[in-house]
Amino acid sequence: MTVLEHYLHLFARLRRAPGPTWGPSTKRRAPHKPLLLLSILDLVARGTLTSGFIDITGDLSELNELFTGYWRRVVPLEQKSSIAFPFSRLHNESFWKLMPVPGREITPATLNSISTVLQLRGVAMGARMDEELFLQMQSVDGRSALRHVLLQSFFTEPALAALAEEVAIHDRAFEYGLGLLEQVREPVVRDPGESESLPEAVRNQGFRRAVVSTYDHRCALCGVRILTSEGYTAVDAAHIIPWKISHNDDVRNGMALCKLCHWSFDKGMLGVAGDYTVLASRQIRSDPNVPGLLLTLVGRAILPPADRSLWPAQESLGWHRWQFRLSD
Ligand SMILES: [Zn+2]
């Protein structure tokens, strides 16, 4: 048996809890472990995970977004899960070991008590995969074989097909997002039909990743930055000139905005002036029912990306001011 065959064998036999909530598409067992491993394979493919140690003490937004993408494909909408659940239970598989925080011991009882990332962080710093397994994951063929066995072993059609489609979306969205950042540095003449021909899910995910990482999860208008321990962020990637008008996913036609600022910007209640300070509409300034929070932002400098070349384009901001008749 080759090393790869050894791990394919282990992957095909992941222990998964049975339960009445799990339908035929997940073979009536919990899908958490295979979905987390698919997400880990994505991180290796992206070059985000560069060793067999998976740190859980930092920003988990990317791992969470990948896991949630898979999860939503096969689990009813109302059912939620934390990545902490499979992350901890994989400790029972021979290739995955939690690294305890100093002074803590990993026992079956501690494992079973973990259902959130905060609880997981109280026990472990992260997990270490077998180095040989990580090496297999680093090759395109190894990843492809490992993904194949995860999909085939634990899912039936149409869940299997939906997950395979999600794998492809994650791959293409990552490439698309990288391309959006690269085009700022090295402007290339692009086929204008290139973005249009991509599936919406690929564009959305790629644009979102590029913009949110550029702003490091901080709202450009009010400065709020909330990244939960589970890896959920308070910000959206907002288009300045909407996609349906501009067909422009350039990061300079985007800003990371929290839900309230996103809505206010899209409705023309807030805007950005030529000197990159926050503008408010006449309505917001005169309407006594509008809460004061937004008005406190007026005249304040926005919180742009650290890299000046990635700042929002005045061309786009000017279009938005013109559209909503916003002026200083
Ligand atoms: Zn905001």
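Residues numbered from 1 in each chain as written. Predicted model: local features only at pLDDT ≥ 70, side-chain atom pairs only at ≥ 80, totals over all residues. Heavy atoms only, no water.

## Considerations on the environment of Phe 85
Note on placement: Phe 85 falls in helix H4 (residues 84-89). Sequence-wise, Phe 85 and Arg 300 are 215 residues apart; in three dimensions their C-alpha atoms are separated by 42 Å. Residue contacts for Phe 85: discarding those within four places in its chain leaves His 32 and Ile 114. (Helix = DSSP H or I, 4+ residues; strand = E, 2+ residues; numbered from the N terminus. Contact = heavy atoms within 4.5 Å.)

## Concerning the coordination of the zinc ion
Of the protein atoms, only Cys 219 (SG), Cys 222 (SG), Cys 258 (SG) and Cys 261 (SG) coordinate the zinc ion, at distances of 2.3 to 2.4 Å. Every donor counted, the four donor atoms about the zinc ion form angles of 104 to 117° at the centre, which fits tetrahedral coordination. For the zinc ion, the single-chain donor residues occur in sequence as C-x2-C-x35-C-x2-C. Linking Cys 219 in the loop between helix H11 (200-214) and strand S4 (235-239) with Cys 261 in helix H13 (residues 259-266), this pair joins segments that are 42 residues apart in sequence. (Donors = N, O, S within 2.8 Å, 3.2 Å for Na, K, Ca; no water. Tetrahedral: all angles 85-135°; square planar, octahedral: opposite > 155°, others 65-115°.)

## So, a negative patch on the surface
Where like charges cluster on the molecular surface, the negative patch consists of Asp 171, Glu 175, Glu 182 and Glu 186. Checked against the element boundaries, Glu 186 lands in the loop between helix H9 (159-185) and helix H10 (193-196). (Patch = residues over 30% accessible without salt bridge, like charges linked within 9 Å, V, L, I, M, F, W, Y side chains within 5 Å. Areas by Shrake-Rupley, 256 points an atom, 1.4 Å probe, with all protein chains shown as cover. Salt bridge = Lys/Arg side-chain N within 4 Å of Asp/Glu carboxyl O. Lys, Arg positive; Asp, Glu negative; His and termini not counted. Charge placed at Lys NZ, Arg CZ, Asp CG, Glu CD.)

## Thoughts on a nonpolar patch on the surface
On the surface, a cluster of nonpolar side chains totalling about 330 Å² of accessible area is made up of Leu 260, Trp 263 and Leu 293. Tracing the chain through its elements places Leu 260 in helix H13. Leu 260 gets classed as partly exposed once you look at its relative accessible area, which sits at 38%. (Buried < 20%, exposed > 50% of the residue type's maximum accessible area, 1.4 Å probe, protein only.)

## Observations concerning the sheet that holds strand S3 (residues 124-129)
If you walk across this open sheet you meet the three strands as S1-S3-S2, and the pairing is antiparallel. At either end of the open sheet lies a strand with only one pairing partner, and these are strand S1 (53-55) and strand S2 (96-100). Adjacent strand axes in the sheet meet at a mean angle of 25°, parallel and antiparallel pairs treated alike. Where S1 lies against S3, three bridges are found, and the strand directions are antiparallel. When the bridges of S3 are listed, Asp 55 appears paired with Gly 126. (Pairing = 2+ DSSP bridges. Axes fitted to C-alpha atoms, helices over the stretch in contact; angles between N-to-C directions.)

## Considerations on the side chain of Glu 230
As for its placement among the helices and strands, Glu 230 is situated in the loop between H11 and S4. Here Ser 82 takes part through its side chain, which lies 2.5 Å from a polar atom of the side chain of Glu 230. Here the side chain of Glu 230 touches Val 117 through a polar contact of 2.8 Å, landing on its backbone nitrogen. When neighbours within four sequence positions are excluded, Glu 230 is seen to be in contact with Leu 60, Asn 64, Ser 82, Ile 83, Thr 116 and Val 117. (Polar contact = N/O pair within 3.5 Å; in protein donor to acceptor, adjacent residues only side chain to side chain.)

## Section: the packing of helix H7 (residues 131-138) against helix H8 (residues 140-154)
Helix-helix packing is characterised by the crossing angle of the two axes and by the distance between the axes. Packing of H7 against H8 brings their axes to within 5 Å, and their N-to-C directions diverge by 105°. Relative to H8, the element H7 lies roughly perpendicular. Note on element contacts: H8 touches H7 through Val 140, Gly 142, Arg 143 and Leu 146, opposite Leu 133, Gln 136, Met 137 and Gln 138. In terms of residue class, the contact of H7 with H8 is made up of four nonpolar, three polar and one charged. (Parallel < 35°, antiparallel > 145°, perpendicular 65-115°, else oblique. Nonpolar A, V, L, I, M, F, W, Y, C, P; charged D, E, K, R; others polar.)

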